[in-house]
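# Remarks on the overall topology
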Amino acid sequence: MRILGIESSCDETAAAVVEDGRRLLSNVIASQTELHRETGGVVPEVAARAHLRALVPVVRAALAEASCGWDDIDAIAVTAGPGLPGALVVGLNAARGLAYGRGLPLIPVDHIEGHVRANWLAETVPELPALALVVSGGHTELLLVEEDGSFTRLGGTRDDAAGEAFDKVARLLGLGYPGGPPLSALAATATARTLSLPRAWLRGSDDTSFSGLKTAVLQLVQSPNPPPRAEIAWAFEESVVDVLSEKAARAAERESVASVLLAGGVAANHRLRERVLERSPVSVWMPPPILCTDNGAMIAAAAFAHFDERVRPEAPLDIHPTVKRRPPAKPLRQ
Ligand code: KG4
Ligand code: ZN
């Protein structure tokens, strides 16, 4: 079974063809990073207009790269939320139009679940139940993936998402957008490595908080004699990685899971990957960096697990910008 996955929830217009939820036939990503660099972050309306321009060429490229015609596609999957409303509307309606025109079923997908399912795009698949840590620009979520593949939310951010914290601190340090990769590169050049920044443990909870850490960096940057920027970047990265890896490991122990799954843009972070591997009590799964940041393949992979919930494209469907678990659409009876 081949599913075309379409993703447009934030600043990447992406499409991919995935076979049986596992095998990547193509993966095309048009990033809007350059467009948003000037403003130092995503401007929703600008993002939505850019999705509109990129979507058709990206879908065409994904089919061509997979050597597929429309007859080779069994369903179209699309991100229904969470994400930027205008950006989601573009992807969802393009997917509906394509599905309607080609007589294909449609599978609306939760973006967070998509990130987690990127771990299935591999030779072997994770053993369930699993503890998933989803860390992206918009989300920090600790989820329990049950044996039947359903998700239970254990906790998440109370303020800034992990990626958002990376982006904001990078800005304070005069680095470009998105801030994660340049901040991490700067941190790697630190030599003293003695600076310590606060960690919000929120003991007894699976929640996280990074706004206090962000303020600590701001105060340090504005102090009369600030430490070198590389030292600040290093201490910031250590603080975030320490809290995330420790919280994931403790939740994994408590829930007696069989594996730990990393996902989302920040899962591309080298230090986080290293520390989660070191600290986890069970085997760790993490997608290659290109499948950590937003992509269409993860949406197609998640849709494969929800094939029974496919709907006709003319069914009433809506975006879910903030709702974590979308209400089930009426399944297509065949
Ligand atoms: O998953 P994603 O592509 O988009 C959302 O769903 O939000 O994640 C993007 C986020 C950005 O905040 C970016 O700075 C962060 O992931 N990121 C990183 C790294 N690569 C991307 N953060 C830390 N280290 C990285 N290497
Ligand atoms: Zn994402």
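Residues numbered from 1 in each chain as written. Chains lettered and ligands numbered in written order. Predicted model: local features only at pLDDT ≥ 70, side-chain atom pairs only at ≥ 80, totals over all residues. Heavy atoms only, no water.

### Digging into the coordination of the zinc ion (ligand 2)
Let me state the cut-off plainly: Donor atoms (N, O, S) are those found within 2.8 Å of the metal centre, with the cutoff raised to 3.2 Å for Na, K and Ca; water is not part of the atom list, so apparent gaps in a site can occur. Metal sites are grouped by the angles between bound donors: all angles between 85 and 135 degrees with four donors is tetrahedral, opposite donors over 155 degrees apart with the others between 65 and 115 is square planar for four donors and octahedral for six, and any other pattern is irregular.
At 2.0 to 2.1 Å from the zinc ion (ligand 2) lie its protein donor atoms, namely His111 (NE2), His115 (NE2) and Asp294 (OD). For the zinc ion (ligand 2), the 4 donor atoms are set out with angles of 95 to 142° between them, so the coordination reads as irregular.

### A few points about a negative patch on the surface
As a reminder, the rule being used: Patch definition: residues above 30% relative accessible area lacking any salt bridge, with like charges linked at up to 9 Å and the nonpolar side chains Val, Leu, Ile, Met, Phe, Trp and Tyr linked at up to 5 Å. Accessible surface area values rest on a Shrake-Rupley calculation with a 1.4 Å probe, where residue burial reflects the displayed protein chains alone. When a carboxyl oxygen of Asp or Glu lies within 4 Å of a side-chain nitrogen of Lys or Arg, that pair is called a salt bridge. Working convention for charge: Lys and Arg count positive, Asp and Glu count negative, and His plus the chain ends are omitted. Every charge is mapped onto a representative atom, which is NZ of Lys, CZ of Arg, CG of Asp or CD of Glu. Runs of E in the DSSP output that reach at least two residues are strands. Runs of H or I that reach at least four are helices, and both are numbered from the N terminus. The buried label goes to any residue with under 20% of its type's maximum accessible area, the exposed label to any with over 50%, and the partly exposed label to all in between, with areas taken from a 1.4 Å probe on protein chains only.
Together, Asp20, Asp71, Asp72 and Asp74 make up a negatively charged patch on the protein surface. Within the secondary structure layout, aspartate 74 lies in the loop between helix H2 (44-65) and strand E4 (75-81). A relative accessible area of 36% means that aspartate 74 is categorised as partly exposed.

### Remarks on the domain arrangement of the protein chain
Quick reminder of the rule: Domain segmentation is taken from an automatic or database assignment of domains. Only heavy atoms matter for contacts: two residues are in contact if any of them lie within 4.5 Å across the pair. Accessible area, probed at 1.4 Å, shrinks when two parts are joined; the buried area is that loss added up over both. Whenever a nitrogen or oxygen atom comes within 3.5 Å of another N or O atom, the pair is scored as a polar contact, on the condition that within protein one atom can donate a hydrogen and the other can accept it, and that pairs from neighbouring residues in sequence are kept only if both atoms are in side chains. In this classification, the charged set is Asp, Glu, Lys and Arg, the nonpolar set is Ala, Val, Leu, Ile, Met, Phe, Trp, Tyr, Cys and Pro, and all remaining amino acids, among them Gly, are polar.
The domain architecture assigned to the protein chain consists of domain 1 (2-117 + 291-309) and domain 2 (128-286). Distance between the C-alpha centres of domain 1 and domain 2: 26 Å. Taken together, the 16 residues of domain 1 in the interface contact 19 residues of domain 2. Contact between domain 1 and domain 2 buries roughly 1,300 Å² in total, counting both sides, with carbon and sulfur atoms accounting for 71%. In terms of surface lost to domain 2, no three residues of domain 1 exceed Ile112, Val116 and Cys292, which account for 43% of the buried area on that side. Where domain 1 touches domain 2, the interface holds 0 salt bridges. At the junction of domain 1 and domain 2, the tally comes to 4 residue pairs in polar contact (both at pLDDT 80 or more). Mapped by element, the contributors of at least two residues to the side of domain 1 that touches domain 2 are helix H1 (33-37) and helix H4 (111-117). Counting residues per element, the side of domain 1 that touches domain 2 draws most heavily on H4, at 5 residues. Taken together, the residues that form the side of domain 1 that touches domain 2 break down as 5 nonpolar, 7 polar and 4 charged.

### What about helix H6 (residues 180-187)?
Using the following cut-off: What the arc describes is the spread of directions from the helix axis to the C-beta atoms.
Those residues of H6 that sit buried are Gly180, Leu183, Ser184, Leu186 and Ala187. The buried side chains of H6 occupy one side of the element, clustering within an arc of 160° when seen end-on. Buried positions along H6 lie against helix H5 (162-172) and helix H8 (229-255).

### Description of the packing of aromatic side chains
Note the threshold: The aromatic pairing rule takes the rings of Phe, Tyr and Trp, using the six-membered ring of Trp, and pairs them if the centres are within 6.5 Å, calling planes under 30 degrees apart stacked, those over 60 edge-to-face and the rest tilted. Only lysine NZ and arginine CZ atoms are considered, and such an atom sits over a ring when it is within 6 Å of the ring centre and within 35 degrees of the ring normal.
Evaluation of the coordinates by the stated rule reveals 1 aromatic pair. Summarising the aromatic geometry, the rings of phenylalanine 166 and phenylalanine 236 are spaced 5.1 Å apart at their centres and angled 80° between planes, so their arrangement reads as edge-to-face. Taken together, the positions of phenylalanine 166 in helix H5 and phenylalanine 236 in helix H8 put the pair 70 residues apart, joining distant regions of the chain. When sorted by exposure, phenylalanine 166 lands in the same class as phenylalanine 236, which is buried. Positioned above the aromatic ring of tryptophan 120 is the side chain of arginine 117, whose terminal nitrogen or guanidinium carbon lies 4.2 Å from the ring centre. A cation over a ring is seen here: arginine 250 above tryptophan 201, with NZ or CZ 5.8 Å from the ring centre.

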